[in-house]
Structures are given as C-alpha cells and as structure tokens.
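Chain by chain, the residues run as shown.
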Amino acid sequence: MTLAARRAWRAVSPYAYITPFFGLFLAFGMFPLLYTAFVSLYRVELQTPGDMQWRGFGNYAAVFTDPYFWTALRNTFTIGVLSTVPQLVMALGLAHLLNYKLRGRTFFRTAMLLPYATSVAAATLVFAQLFGRDFGLVNYVLGLVGFGPVDWQTGTVASQIAVSTIVVWRWTGYNALIYLAGMQSIPSELYEAAEMDGASRWRQFVHVTLPGLRPTIVFTVVVSTIGATQLFGEPLLYEGSVSGGISHQYQTLGLYMYEQGWGFFHLGRAAAIAWVMFLLIVVLVGANALLAHRRSRKEAGR
C-alpha cells in the first residue's frame, strides 16, 4: 500500500467503522419514523393499506377531539408518577445499602437484576393473580389487618396502583445498579473528609452522595420518563384488554395507539398518535434537561 493510500485510509477509516451503525439506524430508526409521519397525514385502514386518502392534519384533529385520548394521556401521567417516583427513591436507597461492605453483596447485586430479567408477560400474569379481587394474596393480607377487599381491576386508582407496582418491581433493581455504579465513581476521599468533619452517614449521603450522583439521577429520570410514556406491556397483559379496563381507567397512550391501529384498524390515526407520543417525549426530556441545566448554573454561581 502506497503512502498516499495509507493516508487516505486513515482519513476514511473512522467513517467506515461507524457506517454499519448509521446504516442500521437509517433503516430501522429514521425510515420508520419518517414513514410514520407520512402515514399520519393519510386515511389508511388495516384491511386496505394500499388505499391511502389524503387527510392532512385530520388524523391529529380526530385524536385531539377524542375524549379517550385525554383519558389515556392522564392515565399515562398518573401511572408514570406512581411508578417512577417510588421506583427511583427505592433504587437510590438500595444502592446506598449495597455500597457498604456487606456479606454476600455480590449475591444481592446479582439478585437485583432478576426482576428485570423476568419476562414482562410472566411478571404481569403473576401480579394479576396477586391483585385478584376474591382470591388474591394482596386482598388476603389486607383482610388480616381489617381492610375490606379492593377491586384492583375496575377501580381507577386501585388499578393504576396495581399496574404501577408491576413497573416498580421490574425496574427498581435495574436503576439501583446504575446508582451503585455512580456511587462507586465518587472519590472515597470526599467521604473520609466528611467523616473527619463529624458528618453522620445521613449527612454524607445528602452532601456527598447526592451531588456526586446528579448526572446519574438525571439520566435515570429521563429514561424512566421515556419508559413511562411508552408503557404498553404491563397494562395490556394485566387484564388482557386493549381498552385498559371497562372504563379505560388504566389505558395508556401506548394501549390507545394499539387500540386505534389494531383494534379499530385506523393505521393513519395510530401513526398520528405515535408522533404525538414522540413529541411528548421530546418535550418532557427537554424540560428535564432544562431544569438540570438551570440547577447546575445556579449551584455554579454560588
């Protein structure tokens, strides 16, 4: 190989190495996204996908005037809060405990991933049995302490708590290991200095651990927000209904999109819902990033 050819290869080789990734991204990421935007402007039925009639923003207007869309949006927000906040708080506490030198901590760290590795279908079916109204274990335990049976499938708040519990169970250990990795990157000298100053473990956690974990916490909040917006498997399998209960009490945006596309066969409207969800995720992630940036600037100006 000549000197000129070697120089040309050095200049081109970085792009050649990353070309497969961008090729796959364009084929399976960018193209479906753009094609969904294209389909959302047409009336397309599942039975006749080749028969496309121009509607412009008619699909979006139909979505925004559908009361079930706003119900699904409200349910998505409620279930997202009920699942994300306890999940991240518990994950932070578990990571803090696992960060100490405990006996068998390798076993506990491995066990944290078992719920995440469990199939969402298997986990949801088990929890559906646990939250059964007549023979569920949860109502049995509540009965032991004097509470009456709770209808975990038809009650609005109760069903949303049940679905959120499945999400919390599956993702708490995963986020705990992410927090644990972030904690182990914090220099031990900071803890030693805080201990020499007489700081208790709680103060060390508040003034050393939390500031050091801020980028990790922002990351988990963003990822959990995206996951909550796209929540689909748990509410679908909880009762086996795409409507999210008899009164749509726990139907999320993902279930609503599935119902429109594969229940009512309106592919154009389902595509419009998909783009509404995409824009909602962009707004929520942007808001999280803006809040984190403002907080960083405020602390830097102190």
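Above this note sits the structure.
Residues numbered from 1 in each chain as written. Predicted model: local features only at pLDDT ≥ 70, side-chain atom pairs only at ≥ 80, totals over all residues. Heavy atoms only, no water.

Draft legend 1. Spotlight on the packing of helix α10 (residues 201-212) against helix α11 (residues 214-229). α11 packs onto α10 with a crossing angle of 60° between their chain directions and a minimal axis gap of 4 Å. In terms of orientation, α10 and α11 fall into the oblique class. Seen from α10, the contacting residues are L210, P211 and G212; seen from α11, they are R214, P215 and I217. Considering only residue class, the contact of α10 with α11 consists of 4 nonpolar, 1 polar and 1 charged. (Axes fitted to C-alpha atoms, helices over the stretch in contact; angles between N-to-C directions. Helix = DSSP H or I, 4+ residues; strand = E, 2+ residues; numbered from the N terminus. Parallel < 35°, antiparallel > 145°, perpendicular 65-115°, else oblique. Contact = heavy atoms within 4.5 Å. Nonpolar A, V, L, I, M, F, W, Y, C, P; charged D, E, K, R; others polar.)

Draft legend 2. View of the side chain of T84. Inspection of the secondary structure assignment puts T84 in helix α3 (residues 67-98). With a relative accessible area of 12%, T84 lands in the buried category. Reaching out from T84, the side chain makes a polar contact with the backbone oxygen of G80 at a distance of 2.7 Å. (Buried < 20%, exposed > 50% of the residue type's maximum accessible area, 1.4 Å probe, protein only. Polar contact = N/O pair within 3.5 Å; in protein donor to acceptor, adjacent residues only side chain to side chain.)

Draft legend 3. Here's a closer look at the nonpolar core. Core analysis: the biggest nonpolar cluster contains 13 residues, and F131, W152, V163 and Y238 have the highest contact counts within it. Secondary structure elements with two or more residues in this core: α6 (120-130) and α8 (156-184). In terms of residue count, α8 provides more of this core than any other element does, 5 residues in total. Among all residues touching Y238, those that are not within four sequence positions of it are T124, A128, F131, W152, Q153, A162, V163, I166 and Y250. Ranked by size, the runner-up nonpolar core spans 12 residues in total, among them A91, L98, M112 and F205. (Core = buried A, V, L, I, M, F, W, Y, C linked by side-chain atoms within 4.5 Å.)

Draft legend 4. The packing of aromatic side chains, seen in detail. Applying the stated rule across the entire model yields 23 aromatic pairs. A connected cluster of aromatic rings, assembled from ring pairs, spans F31, Y35, F38, Y42 and W54. (Phe/Tyr/Trp six-rings, centres within 6.5 Å; stacked < 30°, edge-to-face > 60°.)

Draft legend 5. Here's a closer look at unusual backbone geometry. A positive phi is found at H248, a non-glycine position, where the angle reads about 60°. Inspection of the secondary structure puts H248 in the loop between α12 (233-239) and α13 (253-263). Judged by relative accessible area, which is 9%, H248 ranks as buried. The phi dihedral of F265 falls on the positive side, at around 70°, and the residue is not glycine. With respect to the helices and strands, the residue F265 is situated in the loop between α13 and α14 (267-300).

Draft legend 6. Quick look at the pattern of salt bridges. Counted by the stated rule, this structure contains 3 salt bridges. For E45, the salt bridge is made with R43, and the minimal N-O distance between the two is 3.8 Å. Taking relative accessible area as the criterion, E45 reaches 13% and is therefore assigned buried. Accessibility expressed as a relative area gives 37% for R43, which makes it partly exposed. For R133, the salt bridge identified is with D134, shortest N-O distance 3.1 Å. (Salt bridge = Lys/Arg side-chain N within 4 Å of Asp/Glu carboxyl O.)

Draft legend 7. Broad picture of the packing of α8 against α11. One way to put it is that α8 packs onto α11 with a least axis distance of 10 Å and a crossing angle of 160°. Taken together, the axes of α8 and α11 lie roughly antiparallel to each other. For the crossing formed where α8 meets α11, the hand is right-handed. Where α8 approaches α11, its residues N175, I178, Y179 and G182 are matched on the opposing element by T216, I217, F219, T220 and S224. (Left-handed = near helix turned anticlockwise from the far one by under 90°.)

Draft legend 8. Spotlight on α6. Listed as buried for α6 are A123, T124, F127 and A128. The buried residues of α6 all sit within an arc of 135° when viewed along its axis, so they share a single face. For α6, exposure combined with an orientation more than 90 degrees from the buried face picks out L125 and Q129. Contacts made by the buried residues of α6 are with α8 and α12. Sitting at the amino-terminal end of α6 is S119, which places a side-chain oxygen 3.2 Å from the backbone nitrogen of A121. (Arc of directions from axis to C-beta.)

From the geometry alone we can't say anything about function, so treat these as descriptive.
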